[in-house]
Amino acid sequence: MAVYKAEGVVLGRRALGEADRVVDLFTREFGRLRVKVKAVRRTTSRLAGRLEPFTHARLLLARGRALDVVAQVEVLDGYADLREDLRRLSYGWLVADLTLQLVPEAEPHPEVFALLVEALQLLREGDPVVAAGWYALRLFGELGYRPASGRCPSCGGEAGGDRWSPALGGFCCPRCSEADPGHLRLGGEAAGATRFLLQASAQEAGRLRLSERATGRVVAAVVAYAEARADRPLRAAKVLQALDR
Ligand SMILES: [Zn+2]
């Protein structure tokens, strides 16, 4: 049986059959992969508890007919602390959902993998809202649709204000924003933070301090932008709305 190694992060999982699980991974080598873990829901499984959400691990995988199968797991970081804090966990789901919805399966994106690992560290240590916003904005860039920030993507005019149009592709000029009923006014603080996060390193993002109102607007901006690219709603966004209530 052909086997191969990969380093990956668990983005999500669901039960399959009596005791198996399907796990969504993002790997350094192969990008997004969907794999099977056999009998993992039995308490006797030596893999039980090793592929919890956000776990960063080295894996040995065996080629399977429909799905490849996890043979061995060496946990590098289990991120248990991230799963124990509801707010961090919820923004972790947003990071996972963005990756699942926007990155096509089996396309290697090592730079996205590096961003994802940095985002998990930020989620754990910093403001989880800023962490998710930073990841989303940098992810858009890595995938080839970096939001416009200085020039209007529609007419090329000045777009230095706070008008954000997911449909047009980022910050846009006042005139073009009026033609898009879905545009958002972010306000000065959130607009400045969004422009900053577009080009910030993880360390720089970790030092950003924002008012609650502005963080909410940055999240709304990146969720709307991601949904316009994916052409469908993000499940994690609904969880965040419920959390805010
Ligand atoms: Zn314009």
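Above this note sits the structure.
Residues numbered from 1 in each chain as written. Predicted model: local features only at pLDDT ≥ 70, side-chain atom pairs only at ≥ 80, totals over all residues.

(A) Summary view of the sheet that holds strand β5 (residues 68–77). Read once around its circumference, the closed barrel built from 5 strands follows the order β1-β2-β3-β5-β4, with strand pairing classed as mixed. Averaged over all neighbouring strand pairs, the angle between strand axes comes to 50°, with direction disregarded. Two strands pair when backbone bridges link them, and strand β1 (residues 3–16) and strand β2 (residues 20–27) are joined in this way by 8 bridges, in the antiparallel orientation. Bridging from a neighbouring strand, G12 pairs with D24 of β2. Its contacts with the sheet place helix α2 (residues 86–102) against β1, β2 and β3 (31–37), and it is angled at close to 110° to β1. (Pairing = 2+ DSSP bridges. Helix = DSSP H or I, 4+ residues; strand = E, 2+ residues; numbered from the N terminus. Axes fitted to C-alpha atoms, helices over the stretch in contact; angles between N-to-C directions. Contact = placed C-beta atoms within 7 Å.)

(B) Representation of the environment of L186. Relative to the helices and strands, L186 resides in the loop between β8 (184–185) and α6 (188–199). Given 22 C-beta atoms within a 10 Å radius, L186 is considered buried. Sequence-wise, L186 and A214 are 28 residues apart; in three dimensions their C-alpha atoms are separated by 7.8 Å. Each residue touching L186, except ones within four places of it in the same chain, is listed here: D162, W164, A191, T194, R217 and A221. (Buried ≥ 20, exposed ≤ 12 C-beta atoms within 10 Å, placed from the backbone.)

(C) Representation of the pairing of β1. Pairing analysis gives 7 bridges linking β1 to strand β4 (residues 56–62), with the strands arranged antiparallel. For E7, the partnering residue across the bridge sits in β4 and is R58.

(D) Structural detail: helix α8 (residues 212–230). Taking 1.5 Å as the rise per residue, α8 with 19 residues should run 27 Å; its terminal C-alpha atoms sit 27 Å apart, in good agreement. Listed as buried for α8 are A214, T215, R217, V218, V219, A221, V222, V223, Y225 and A226. Just downstream of α8, D231 is the residue with a positive phi angle, here 65°. (Expected span 1.5 Å × (residues − 1).)

(E) Seen up close, helix α3 (residues 110–125). Compared with an ideal rise of 1.5 Å per residue, which puts 16 residues at 22 Å, α3 spans 23 Å between its outermost C-alpha atoms and is within 8% of the ideal. The set of residues buried in α3 consists of V112, F113, L115, L116, A119, L120, L122 and L123. Contacts from the buried residues of α3 go to β1, β2, α1 (80–83), α2, α4 (128–142) and α7 (202–206).

(F) How the structure looks around the sheet that holds strand β7 (residues 170–171). Spatially, 3 strands are ordered β7-β6-β8 in an open sheet, and the strand pairing comes out antiparallel. Because the sheet does not close on itself, it has two edges, and the strands there are β7 and β8. By the bridge criterion, 2 bridges tie strand β6 (residues 163–165) to β7 in an arrangement that is antiparallel. Note on β7: the bridge partner recorded for W164 is F171.

(G) Inspection of the pairing of β5 at higher detail. One ladder, built from 2 bridges, connects β3 with β5; its direction is parallel. Counted as the bridge partner of K36 is V69 from β5. Where β4 and β5 come together, 7 bridges link them in antiparallel fashion. Within β5, the residue paired with L59 across the bridge is V73. Following β4, the chain reverses through 5 residues before pairing antiparallel with β5.

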